[in-house]
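Spelled out from the first residue to the last, the chains are:
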Amino acid sequence: MSDLQGTLSEIVAALKAAGDRGKVADYIPELRTADPEMLGIAIAYIDGRLLSAGDASQAFSMQSVSKVFTLTLALGAFGDYLWDKVGREPSNEAFNSIAELERAKGVPRNPFVNAGALIVADLLLGSHQPRETIGEILRFVRFLADDGDIVVDERIARSERQTDFRNVALANFLAAFGNLRNTPERVLGVYAHHCAISLNCLQLAKAGTFLAKEGRNPSNGYAVVSAERARRINALMLTCGQYDGSGEFAFRVGLPAKSGVGGGILAIVPGVASIAVWSPGLDAHGNSQLGCAALERLAHCQGWSVFGAKP
Ligand code: GLU
């Protein structure tokens, strides 16, 4: 274990010295201020041990990583009905593609592209007030991380709402196809707020551990989801979790993962641990450039892959 601590520190030091850090997302004005020099990593083992290196205690904007948690909640409430409204196929288009949604007649490719996550937010909203639903999602993440300090960053939520023209278009398309129960305005409010949850790598790694432990929360043994559902969420993360770079990520890293434009990535080593990395500079697909590189190095060193053991 202490060797792994040394490896983690080495990975962070080597990558921090790297030249190309990618480009910080700027289409949500508040995200522009993130520092591309930042790189944090945390590993939460299913037996409760935690390891971290770099800027692992620095809070960042969860953005699309939050979609793993909203999907988990919605599956708990609606089960397979959810799959009548959203597909399970990877997308070859940008995460906010309008053309793809029109071609599919209002049924999003998967729950992680923006249109799919809007469907999930709509289901969770049901007939509640947006504020109640946002509170429920935040409580769920806090419960999983066993940490009441995780918050929604209202500044980022507001900033997203001021410039979310494409998401407004997607929500209106969904409504036009009859695939939304609530008004686009209410759904977009819930969506922007869950994307604006702010946490650090240690908290995110802990929150994801149930996916490594057959659906059970390691801190209290509580079954968050069944083992089968945990496997299926992992399968969706593997195939759809890194935008239209999911194939390349599976090739390089070989682990189920979900990334967000805030530069965070949650990766799962089934039966072993949950890993969170964060570095705000993004590659051409919108995945954290240094985050992907850190996961690739770590997975390689440890022999972690869902595709087979290290030779
Ligand atoms: N809130 C962001 C958006 O809707 C999330 C994008 C992402 O992280 O993939 O554009």
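In short, a report on the structure.

Here's the deal with the overall build of the chain
A tally of regular secondary structure across the chain gives 13 helices and ten strands. Here the chain has a C-alpha radius of gyration of 18 Å; the compact-globule value for 311 residues is 19 Å, and the two agree. Here the C-alpha coordinates of the chain stretch approximately 55 × 40 × 35 Å along the principal axes. The buried share among the 311 residues of the chain stands at 57%. Expressed as a percentage of contacts within the chain between residues at least 6 apart in sequence, the contacts between residues at least 24 apart total 68%. For the chain, the computed accessible surface area is about 12500 Å², with 50% contributed by carbon and sulfur atoms. Both charge centroids of the chain, one from 30 positive and one from 32 negative side chains, sit 3 Å from each other.

Topic: the site of the ligand
Every residue lining the ligand is accounted for by Tyr27, Gln63, Ser64, Phe95, Asn114, Glu160, Asn167, Tyr191, Cys195, Tyr243, Gly260 and Val261. Residue Tyr27 places a side-chain N or O atom 2.5 Å away from an oxygen atom belonging to the ligand. Here Glu160 contributes a side-chain N or O atom positioned 2.7 Å from a nitrogen atom of the ligand. When the ligand sits alone it has 300 Å² of accessible area, and the protein chains cover 99% of it. The residue inventory of the shell around the ligand, partitioned by class, reads six nonpolar, five polar and one charged.

Topic: the sheet that holds strand 2 (residues 40-45)
The antiparallel open sheet is built from five strands, whose spatial order is 3-2-9-8-7. Sheet topology places strand 3 (50-54) and strand 7 (257-259) at the edges, where each strand pairs with a single neighbour. Geometrically, the sheet is characterised by an average inter-axis angle of 10 degrees between neighbouring strands, direction not taken into account. Both strand 8 (residues 264-269) and strand 9 (residues 273-278) contribute to a ladder of six bridges, which runs antiparallel. Residue pairing across strands places Ile268 opposite Ser274, the latter belonging to strand 9. Contacting strand 2, strand 3, strand 8 and strand 9, helix 10 (residues 201-212) runs over the sheet at an angle of about 145 degrees to strand 9.

Let's talk about the packing of helix 8 (residues 165-176) against helix 9 (residues 184-195)
The relative placement of two packed helices comes down to the angle between their axes together with the axis-to-axis distance. The interhelical angle for the contact between helix 8 and helix 9, taken along N-to-C directions, is 130 degrees, at an axis separation of 10 Å. Regarding the angle of helix 8 to helix 9, the classification is oblique. Considering only the axes of helix 8 and helix 9, their crossing is right-handed. Residues Asn167, Val168, Ala171, Asn172 and Ala175 of helix 8 lie in contact with helix 9, whose contacting residues are Pro184, Leu188 and Tyr191.

Some thoughts on the packing of helix 6 (residues 130-145) against helix 9
One way to put it is that helix 6 packs onto helix 9 with a least axis distance of 9 Å and a crossing angle of 25 degrees. One element, helix 6, and the other, helix 9, form an angle in the roughly parallel class. Seen from above, helix 6 lies across helix 9 with right-handed handedness. Between helix 6 and helix 9, the residues in contact are Pro130, Thr133, Ile134 and Ile137 and Arg186, Gly189, Val190, His193 and His194, respectively. The class makeup of the residues in the contact of helix 6 with helix 9 is four nonpolar, four polar and one charged.

Reading the values: the criteria
- Residues numbered from 1 in each chain as written.
- Predicted model: local features only at pLDDT ≥ 70, side-chain atom pairs only at ≥ 80, totals over all residues.
- Heavy atoms only, no water.
- Helix = DSSP H or I, 4+ residues; strand = E, 2+ residues; numbered from the N terminus.
- Rg over C-alpha atoms; globule rule 2.2 N^0.38 Å.
- Buried < 20%, exposed > 50% of the residue type's maximum accessible area, 1.4 Å probe, protein only.
- Contact = heavy atoms within 4.5 Å.
- Areas by Shrake-Rupley, 256 points an atom, 1.4 Å probe, with all protein chains shown as cover.
- Lys, Arg positive; Asp, Glu negative; His and termini not counted.
- Charge placed at Lys NZ, Arg CZ, Asp CG, Glu CD.
- Near = heavy atom within 4 Å.
- Polar contact = N/O pair within 3.5 Å; in protein donor to acceptor, adjacent residues only side chain to side chain.
- Nonpolar A, V, L, I, M, F, W, Y, C, P; charged D, E, K, R; others polar.
- Pairing = 2+ DSSP bridges.
- Axes fitted to C-alpha atoms, helices over the stretch in contact; angles between N-to-C directions.
- Parallel < 35°, antiparallel > 145°, perpendicular 65-115°, else oblique.
- Left-handed = near helix turned anticlockwise from the far one by under 90°.

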